[in-house]
Amino acid sequence: RAAAAAAMSRKADYNIRERVANRFEVDQRQALFGKAAPKRASDDQYAAYSREMLERQNDAQIEDLESKVGILKDLTEGIGSEVRKSNALLDAMGLDFDKVGGLLKGTMGQLKHMMETKSGKHMCYMIAFVVVLFFMMYFLRKVSAVAGGGRGGSSSVGLELEDKGAGMVNITSS
């Protein structure tokens, strides 16, 4: 005890590093409580069993985390792929809108020029075009209604072959 007390006593030239180095030389439990209690075999078995159970739990949790990390990795890769595809689509759409905007600007300029010329010839061409377009749409609607047998429905024409024997075939439409 005296050796432990002497080693632990504070001196004027006391250094913390000496104390840290000395802590393994002196049995702290024995210095506090006297002689250490003898270890029992059951304590060692219990400690080993506890460590083994903790190891198993840690391993199970590590496997669970690994699977979740894998799922998150796949998910983030999928999101990244979708983002790249969406960005490419948006870039293409932006270019298309720029082209359409240019065409529309040119068309509006031509219409403005046509209105400013006050020429009756251009106005007659435009009115004639609209009238012809209207009649074509009317005619196509009537033809599709007659062929389809209804109001603008799709038409289906079917042919049936009927064997009359002796090489003769009768064709009927439905």
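Reading the values: rules and limits
- Residues numbered from 1 in each chain as written.
- Predicted model: local features only at pLDDT ≥ 70, side-chain atom pairs only at ≥ 80, totals over all residues.
- Heavy atoms only, no water.
- Salt bridge = Lys/Arg side-chain N within 4 Å of Asp/Glu carboxyl O.
- Helix = DSSP H or I, 4+ residues; strand = E, 2+ residues; numbered from the N terminus.
- Buried < 20%, exposed > 50% of the residue type's maximum accessible area, 1.4 Å probe, protein only.
- Patch = residues over 30% accessible without salt bridge, like charges linked within 9 Å, V, L, I, M, F, W, Y side chains within 5 Å.
- Areas by Shrake-Rupley, 256 points an atom, 1.4 Å probe, with all protein chains shown as cover.
- Lys, Arg positive; Asp, Glu negative; His and termini not counted.
- Charge placed at Lys NZ, Arg CZ, Asp CG, Glu CD.
- pLDDT = per-residue confidence, 0-100.
- Contact = heavy atoms within 4.5 Å.

**Some points on the pattern of salt bridges**
Next up, step 1: Here the structure, examined in full by the defined rule, presents two salt bridges.
Next up, step 2: Put simply, Glu-52 and Arg-56 hold a salt bridge, and the shortest N to O gap is 2.4 Å. Of this pair, Glu-52 and Arg-56 both sit in helix H4 (residues 41-117), four residues apart, roughly one helical turn.
Next up, step 3: Residue classification places Glu-52 among the partly exposed positions, given a relative accessible area of 38%.

**Remarks on a negative patch on the surface**
Next up, step 1: A contiguous patch of negative charge, built from Glu-55, Asp-59, Glu-63 and Glu-66, is present on the exposed surface.
Next up, step 2: The topology assignment puts Asp-59 in helix H4.
Next up, step 3: For Asp-59, a relative accessible area of 40% translates into the label partly exposed.

**Describing the confidence of the model for the chain**
Next up, step 1: Averaged over every residue, the pLDDT of the chain is 75; residues scoring 70 or more account for 60%.
Next up, step 2: Counting interchain partners and residues more than four positions distant, the pLDDT-below-50 stretch residues 1-5 has two contacts.
Next up, step 3: Contacts of residues 152-158 to residues separated by more than four positions or lying in other chains number 12 contacts, the stretch itself having pLDDT below 50.

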